[in-house]
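So the chains spell out like this:
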Amino acid sequence: MHSVSIIIPIYNGERYLYQCLESIQMQGYTDFEVLMIDDGSTDGSAGICMEFAERDSRFRYKHKENGGVSSARNVGIEESTGEWLLFVDADDKMPDNALGNFMACRGDERTDLVVGAYAIEDKEKQTVEVLRVGKPELSKIDSANMLFLENKYGYQGYIWNKLFKCSVVLENNIRFDERYRFNEDRLFCVEYICAMKGVAKTCDDIIYNYVKHPGSTIGTMGKDLRILDDYTSSLYIYERLKECHFPRRTVSLSRDNLFFSYDFIRHNLKLADAEEQV
């Protein structure tokens, strides 16, 4: 068993995949496995994965039929053997010593979640912004609130700046909801926080570089039906937090996010109507 299972869903990612895998292979902390889940790629991704698997036994390659990023991540969860789970996107990378810094922040046995700082880079690989939580420890309630307090903590609904305890995921049968193509990250985080009994620790070191490539999901979501996924998943999150008996403030933060998602849909529908009339 390794300390960390790093799960990477891959679909036609050959352009950035090598630098992603190399950034992990070069980490000073070495007690990890990398699960490269190929979601039916038709480019050269498989060859890159097999190259790393052949030269480093910590890298494991698995091919599956195309089913979407959530499906690929779920296969990675089933294949994992680590104590902790870390999710990485194939077009991003990890800074030097990031994994060691991340693991050093785990604290004691009370810790069920670790949240690290992350940097946003533009296509020229220039750091645009660094986002940190700032509080060394978060309760279960504060961990849930963090997902919605973007003005205070920056957006923390991503999964790739977090370490999840594998036992919590497996014992509570937590998986990514394969119905959604957007906001599935935050939905997974909500399900996990509902199940966890311990605390969250935070790490001020940058443990992840999120690169905003042209055509990224965030940059293009307003142009297709993924905006509906954002709304329906936000509605599910709102109901789920009530079911898990979170306090009124947490539920209200989720409700405000739901209203924002609704307004976002209305705004984009108006833009679409205006474009059709031109």
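Scroll up for the structure.
None of these values were measured; they are calculated from a predicted model.

Thresholds applied
Think of each chain on its own: its residues are numbered from 1, step by step along the sequence as written. Note on the predicted model: pLDDT of at least 70 is required for a residue's local features to be given, and 80 or more for side-chain atom pairs to be given and counted; whole-chain, interface and lining totals, by contrast, use all residues. Side-chain numbers come from the whole structure's heavy atoms, not from hydrogens or water. Helix and strand definitions here come from DSSP, where helices need a minimum of 4 consecutive H or I residues and strands a minimum of 2 consecutive E residues; each element is numbered from the N-terminal end. Radius of gyration means the value over C-alpha atoms here, while the globule rule gives 2.2 Å times the residue count to the 0.38 power. When accessible area is computed with a 1.4 Å probe and restricted to protein chains, residues below 20% of their type maximum are described as buried, those above 50% as exposed, and intermediate ones as partly exposed. The contact criterion used is simple: two residues touch if any of their non-hydrogen atoms lie within 4.5 Å. Per-residue accessibility takes into account occlusion by the displayed protein chains alone, with areas from the Shrake-Rupley method and a 1.4 Å probe. Under this rule, positive means Lys or Arg and negative means Asp or Glu; His and the chain ends count for nothing. For this purpose, a charge sits on NZ of Lys, CZ of Arg, CG of Asp or CD of Glu. The angle between two axes is taken between their N-to-C directions and runs from 0 to 180 degrees, where each axis is a line fitted to C-alpha atoms and a helix contributes only its stretch in contact. For classification purposes, angles smaller than 35 degrees are called roughly parallel, those larger than 145 roughly antiparallel, those between 65 and 115 roughly perpendicular, and all remaining angles oblique. Under the convention adopted here, Pro, Cys and the residues Ala, Val, Leu, Ile, Met, Phe, Trp and Tyr are nonpolar, Asp, Glu, Lys and Arg are charged, and Gly plus all remaining residues are polar. For Phe, Tyr and Trp, rings pair up if their centres lie within 6.5 Å, where Trp contributes its six-membered ring, and each pair is then called stacked (planes under 30 degrees apart), edge-to-face (over 60) or tilted (otherwise).

Helix and strand counts for the chain come out as eleven helices and nine strands. For 278 residues, the compact-globule estimate of 2.2 N^0.38 gives 19 Å, and the C-alpha radius of gyration of the chain, at 18 Å, lies within 12% of that figure. Projected onto the principal axes, the alpha-carbon positions of the chain cover approximately 55 × 50 × 35 Å. Put simply, the chain has 278 residues, and 54% of those count as buried. Across the chain, the fraction of contacts at a sequence separation of at least 24, relative to all contacts at a separation of at least 6, is 80%. With an accessible surface of roughly 13200 Å², the chain has 49% of that area assigned to carbon and sulfur atoms. Of the charged side chains in the chain, 34 are positive and 46 negative, and the gap between their average positions amounts to 5 Å.

Here helix α8 (residues 184-195) crosses helix α10 (residues 226-243) at 5°, and the two axes come no closer than 10 Å. Between α8 and α10, the interaxial angle falls into the category roughly parallel. Contacts between α8 and α10 involve R186, L187, V190, E191 and C194 on the former and, on the latter, Y236, I237, R240 and L241. For the contact of α8 with α10, the residue count by class is six nonpolar, no polar and three charged.

On to the packing of aromatic side chains, then. Going through the model one piece at a time under the given rule, you end up with 16 aromatic pairs. Here Y118 and Y158 contribute two aromatic rings whose centre-to-centre distance is 5.8 Å and whose plane-to-plane angle is 85°, an arrangement assigned as edge-to-face. Here Y118 is found in strand β5 (residues 111-121), whereas its partner Y158 is found in the loop between α6 (150-153) and β8 (162-165), with 40 residues between them in sequence. You can call Y158 buried: its relative accessible area is 14%.

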